[in-house]
Amino acid sequence: MTAGDPPTLQDVFRARQRIAGVARRTPLVPSSALSARSGRDVRLKLETLQDTGAFKMRGAANAVLGLDAPARARGVVAYSTGNHGRAVAAVAARLGIPATICVSTRTAPAKIAALRGAGCALRVEGASQDEAAAVARRLVERDGLSIVDPIADPAVIAGHGTVGLELLEDWPDLDTVIVPVSGGALIAGIALAVRAACPRCRIVGVSMAEGAAMHASLRAGRPVAVAEAPSLADSLQGGILLDNRHTFRMVRDLVDDLMLVDETAIADTMVHAFAVEGLVIEGAAATPIAALLDPRAALGRRVALVLTGNAVDRRLLARMALDRMPVDDRERAA
Ligand SMILES: *Cc1c(COP(=O)(O)O)cnc(C)c1O
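This write-up is about the structure you can find in this document. All values derive from a computational prediction rather than experimental measurement.

**Overview of the overall build of the protein chain**
- The helix and strand inventory of the protein chain stands at 15 helices and 10 strands.
- Judged by the C-alpha coordinates and their principal axes, the protein chain covers about 55 × 40 × 40 Å.
- For the protein chain, the proportion of its 334 residues judged to be buried stands at 58%.
- As presented, the protein chain carries roughly 13,500 Å² of accessible surface, and 51% of it is formed by carbon and sulfur atoms.
- Here the protein chain carries 39 positive and 36 negative side-chain charges, and the mean point of each set is 2 Å from the other.

The following block contains the structure:
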């Protein structure tokens, strides 16, 4: 696999061997509440249980473990709304590799705080994810660092694809997978694996209603920039890169539907996850639940939701829960 070629299913299997022991194999658990509410068999893929709290460990581990010794000695750099940066920092720290993480000034404070404790050099610069990416690229030019790109790197896409392998192993009868979408590396990797095994499975992406770059790009027929808007799903903000190499085409060709969900639905489902499922999930990870419960969704009977991460300010979630928990949910959780 070179940087120019799209990842293959073989790369996903290779990734699984390479990342074993660094990224965790996560459980797929049935949700009786969501199954009852949606009238389908619903299971949750708990990527929230990864070290650093998000699936990003998979792609980061695959990319960093693929670097040769001289590249490891020079160090790695990443740009990120938070979770990718945390994952690259954690993998690099584990392997004794220097890491620099570039985030924009709009990054959620909880994520910046987590990065400060991660043992990496941190650059908080630029008003958007795209500007943070430009800072990272300058460090590649200047210091010869290897960039672990969360969107363009085929090793990252293949690493994320291991989610798809695990879904198929744990639930060979699944017919629908719902995945949150930002730059598209996660859904592209999952689609690569699931589509190969199950041509008829529905693969559904979901983003927040405002500032969804992949959605706008598919509409336009080419990668386009969108203005970032504030959202509870902050991990889904940012562009897909105007020179997008793989994820735009893979999503266009392999994904059945891209849905948009609004902020109220995201908030409601974060609180549902907390109050009823007993799960702390961030806004991005709540979007598949919101999509499942959206009457416009065209879904099969056996639906896997990828709950991607848990990086939410716990005080914010606690306040949302107190404001929104209906009385019957409080009783059920008690
Ligand atoms: C990065 C991220 C996503 C989106 O993944 P992409 O590969 O950028 O589409 C979804 N949820 C969480 C929690 C994330 O950190």
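Let's pick the thread back up.
**Thoughts on the state of the cysteines**
- According to the stated counting rule, one finds one disulfide in the structure shown.
- The partner cysteine of Cys198 in its disulfide is Cys201, sulfur to sulfur 1.9 Å. Looking down the S-S bond of the Cys198 and Cys201 bridge, the torsion is 95 degrees, so its handedness is right-handed.
- Judged by its relative accessible area of 17%, Cys198 falls in the buried class.
- Classification of Cys201 by relative accessible area gives buried; the value is 2%.
- The thiol sulfur of Cys120 is not disulfide-bonded, and the nearest other cysteine sulfur, from Cys102, lies at 9.7 Å.

**Overview of the sheet that holds strand E3 (residues 76–79)**
- Pairing within the open sheet is parallel, and its four strands lie in the order E5-E4-E3-E6. This sheet does not close on itself; its edge strands, each paired only once, are strand E5 (121–124) and strand E6 (146–147).
- Where E3 lies against E6, two bridges are found, and the strand directions are parallel. The residue of E6 that forms the bridge with Val76 is Ser146.
- Each of E3, strand E4 (99–103), E5 and E6 touches helix H7 (residues 129–143); the most contacted strand, E3, lies at about 165 degrees to it.

**What to know about the side chain of Ser104**
- Relative to the helices and strands, Ser104 resides in the loop between E4 and helix H6 (109–116).
- At a separation of 3.1 Å, a polar atom in the side chain of Ser104 contacts the main-chain amide nitrogen of Arg106.
- Ignoring sequence-local partners within four residues, the contact set of Ser104 consists of Val124, Glu125, Gly126, Ala127, Ser128, Gln129 and Ala132.

**Considerations on the nonpolar core**
- Formed by 63 residues in total, the largest nonpolar core has its most connected members in Ile101, Leu167, Val177, Ile190 and Val306.
- The greatest single-element share of this core, amounting to nine residues, is contributed by helix H9 (residues 185–197).
- Those residues in contact with Val177, other than ones at most four positions away along the chain, are Leu167, Ile190, Val194, Arg202, Ile203, Val204, Ala304 and Val306.

**Observations concerning the packing of helix H8 (residues 154–170) against H9**
- One way to put it is that H8 packs onto H9 with a least axis distance of 7 Å and a crossing angle of 45 degrees. Classified by the interaxial angle, the pair formed by H8 and H9 is oblique. As for the relative orientation of H8 and H9, their crossing is right-handed in sense. Across from Val156, Ile157, His160, Gly161, Val163, Gly164, Leu165 and Leu168 in H8, the residues of H9 making contact are Ala185, Leu186, Ala188, Gly189, Ile190, Ala193, Val194 and Ala197.
- Residues of the contact of H8 with H9, tallied by class, amount to 12 nonpolar, four polar and no charged.

**Overview of the environment of Asp234**
- Along the polypeptide, Asp234 turns up in the loop between helix H10 (213–220) and helix H11 (247–254).
- Note: C-alpha distance between Asp234 and Glu282 (48 residues apart in sequence) is 8.6 Å.

**Details of the side chain of Asn244**
- If you trace the backbone, Asn244 turns up in the loop between H10 and H11.
- A distance of 2.8 Å separates a polar atom in the side chain of Asn244 from a polar atom in the side chain of Thr247.
- Among residues more than four places away in sequence, those in contact with Asn244 are Ile151, Gly183 and Pro223.

**Some details on the site of the ligand**
- In the vicinity of the ligand there are 16 residues, among which Lys56, Ser182, Gly184, Leu186 and Thr308 approach most closely.
- A distance of 3.1 Å is found between an oxygen atom of the ligand and a backbone nitrogen or oxygen belonging to Ala185.
- Separating an oxygen atom of the ligand from a backbone N or O atom of Leu186 is a distance of 2.9 Å.
- Relative to its unbound accessible area of 380 Å², the ligand is 96% covered by the protein chains.
- Partitioned by chemical class, the residues of the shell around the ligand number seven nonpolar, seven polar and two charged.

Conventions we followed
Residues numbered from 1 in each chain as written. Predicted model: local features only at pLDDT ≥ 70, side-chain atom pairs only at ≥ 80, totals over all residues. Heavy atoms only, no water. Helix = DSSP H or I, 4+ residues; strand = E, 2+ residues; numbered from the N terminus. Buried < 20%, exposed > 50% of the residue type's maximum accessible area, 1.4 Å probe, protein only. Areas by Shrake-Rupley, 256 points an atom, 1.4 Å probe, with all protein chains shown as cover. Lys, Arg positive; Asp, Glu negative; His and termini not counted. Charge placed at Lys NZ, Arg CZ, Asp CG, Glu CD. Disulfide = S-S within 2.5 Å. Pairing = 2+ DSSP bridges. Contact = heavy atoms within 4.5 Å. Axes fitted to C-alpha atoms, helices over the stretch in contact; angles between N-to-C directions. Polar contact = N/O pair within 3.5 Å; in protein donor to acceptor, adjacent residues only side chain to side chain. Core = buried A, V, L, I, M, F, W, Y, C linked by side-chain atoms within 4.5 Å. Parallel < 35°, antiparallel > 145°, perpendicular 65-115°, else oblique. Left-handed = near helix turned anticlockwise from the far one by under 90°. Nonpolar A, V, L, I, M, F, W, Y, C, P; charged D, E, K, R; others polar. Near = heavy atom within 4 Å.

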